[in-house]
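Inside the fold
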Amino acid sequence: MASLKGSGRRGIGLHVSLIVGVLLSAFPFYWAVIMSTHTTTEIFSYPPKLLPGTHFLDNVRSLFDNIDFFGSMFNSLLVASAVTFLVLFFDSLAAFVFAKFEFPGRKVLFALLMLIFMVPTQLQVIPQFVIMAKIGWIGSMTALIVPAAANAFGIFWMRQYMRSAIHDELLDASKLDGAGFLRQYWHVALPVVRPGLAFLGIFTFMGQWNDYAWPLIALTNPDNVTLQVALSQLNGVHGTTDYGMVMTGALLALVPLLIVFAVGARQIIGDLGKGAVRG
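From a predicted model like this one, the values you see are computed outputs, not experimental measurements.

**Re the pattern of salt bridges**
Summed over all chains, the structure comprises 3 salt bridges. One salt bridge connects Arg61 with Asp58, and the closest N-O pair in it is separated by 2.4 Å. Here Arg61 and its partner Asp58 are both found in helix 3 (residues 56-66), 3 residues apart, which amounts to about one turn of the helix. Looking at Arg61, the relative accessible area reads 47%, which means it is partly exposed. Among the salt bridges present, the one from Lys100 reaches Asp168, with a minimum N-O distance of 3.2 Å. A residue pair is termed long-range when its members are at least 10 positions apart, and Lys100 in helix 4 (residues 69-100) and Asp168 in helix 9 (residues 168-176) qualify at 68 residues.

**Notes on the packing of aromatic side chains**
The full count for this structure, using the stated rule, is 22 aromatic pairs. Geometrically, the ring pair formed by Phe101 and Phe181 is edge-to-face, given 5.5 Å between the ring centres and 65° between the ring planes. A residue pair is termed long-range when its members are at least 10 positions apart, and Phe101 in the loop between helix 4 and helix 5 (106-118) and Phe181 in helix 10 (residues 181-192) qualify at 80 residues. Classification of Phe101 as partly exposed rests on a relative accessible area of 22%. One aromatic cluster in this structure is built from Phe98, Phe103, Phe110, Phe117, Phe153, Phe156, Trp157, Tyr161, Phe199 and Phe203.

**Some details on the side chain of Thr248**
Along the chain, Thr248 turns up in helix 14 (residues 243-278). Within polar-contact distance, the side chain of Thr248 engages the backbone oxygen of Gly244 at 2.8 Å. Other than its neighbours up to four places away in sequence, Thr248 contacts Ser36, Phe56, Asn59, Val60 and Leu63.

**A word on the packing of helix 8 (residues 152-165) against helix 11 (residues 194-210)**
Orientation of helix 8 relative to helix 11, taken along the N-to-C sense of each, is 160°, at an axis distance of 10 Å. Taken together, the axes of helix 8 and helix 11 are roughly antiparallel relative to one another. Crossing handedness for the pair helix 8 and helix 11: right-handed. Across the interface between the two elements, Phe153, Gly154, Trp157, Met158 and Tyr161 from helix 8 touch Pro195, Gly196, Leu197, Phe199, Leu200 and Phe203 from helix 11.

**Concerning helix 11**
What sets the pattern is the α-helix's 3.6 residues per turn: residues three or four places apart point alike. For helix 11, which comprises 17 residues, the first-to-last C-alpha distance of 24 Å matches the rise-based estimate of 24 Å (1.5 Å per residue) to within 8%. Residues of helix 11 that are buried: Pro195, Gly196, Leu197, Ala198, Leu200, Gly201, Ile202, Thr204, Phe205 and Trp209.

Cut-offs applied
Residues numbered from 1 in each chain as written. Predicted model: local features only at pLDDT ≥ 70, side-chain atom pairs only at ≥ 80, totals over all residues. Heavy atoms only, no water. Salt bridge = Lys/Arg side-chain N within 4 Å of Asp/Glu carboxyl O. Helix = DSSP H or I, 4+ residues; strand = E, 2+ residues; numbered from the N terminus. Buried < 20%, exposed > 50% of the residue type's maximum accessible area, 1.4 Å probe, protein only. Phe/Tyr/Trp six-rings, centres within 6.5 Å; stacked < 30°, edge-to-face > 60°. Polar contact = N/O pair within 3.5 Å; in protein donor to acceptor, adjacent residues only side chain to side chain. Contact = heavy atoms within 4.5 Å. Axes fitted to C-alpha atoms, helices over the stretch in contact; angles between N-to-C directions. Parallel < 35°, antiparallel > 145°, perpendicular 65-115°, else oblique. Left-handed = near helix turned anticlockwise from the far one by under 90°. Expected span 1.5 Å × (residues − 1).

So this is what it looks like as structure tokens:
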């Protein structure tokens with residue numbers, strides 16, 4: 001009886017801790033919503049306003065007047081979607097080879113991949129810019145998409161996932177059925193590793209959507225700026241910063257991320273649930 005009471009208390013304590021954690025995690029988003037409905041003066045007033053204001057539509061109009069919001073959002077969607085698709089394809093294909101096939105130099109190539117993984121992104125900016133300039137891609141979306149089409153983290157992540165998720169018996173059975181490499185990859189490997197692909201897709205899309213430094217350097221054409229670069233132009237407009245307008249832009253920029261996360265998380269949870277039922 002005492003053990004039941006003890007487990008009940010632990011369960012209540014766990015739920016309370018989870019609720020507190022959720023509230024703390026959600027508060028920044030709630031605060032962004034509140035600030036997007038107030039003017040700059042109201043944002044810095046004391047005591048701080050914790051309830052929504054009445055200036056959201058005014059802030060939206062100011063936002064659209066100062067930057068090409070939908071044009072820059074389209075650019076970000078184009079870049080993030082293209083990079084995510086290419087990363088999912090190339091990284092999963094390379095990871096499938098590293099995880100399930102033996103070939104000369106396999107360990108050496110993977111060690112080199114891990115060395116690339118450990119190189120800071122900042123060290124790649126100058127050589128990457130020089131290469132893009134010599135090719136003639138500076139100022140175009142290609143300079144953002146092609147260099148990010150594959151990455152070491154995605155290959156490493158999918159390799160580790162495939163090593164445990166794809167059983168050798170499945171590949172052996174597909175070989176007996178006459179399946180070649182691409183057919184094994186498409187019909188055997190990909191259906192099994194969908195949760196891993198969903199996570200990699202969410203991670204890649206969010207990373208590209210929030211990228212600021214490289215688009216700022218590479219996109220010399222003002223018509224091709226991504227949303228993060230366009231939002232940075234709101235700081236200091238007309239000599240002052242309208243924080244209500246800035247927070248409105250940041251809030252609207254979150255909407256695609258929330259949609260992608262909801263779709264991807266549902267895929268992950270659904271596939272893991274199916275696996276649990278099968279087990």
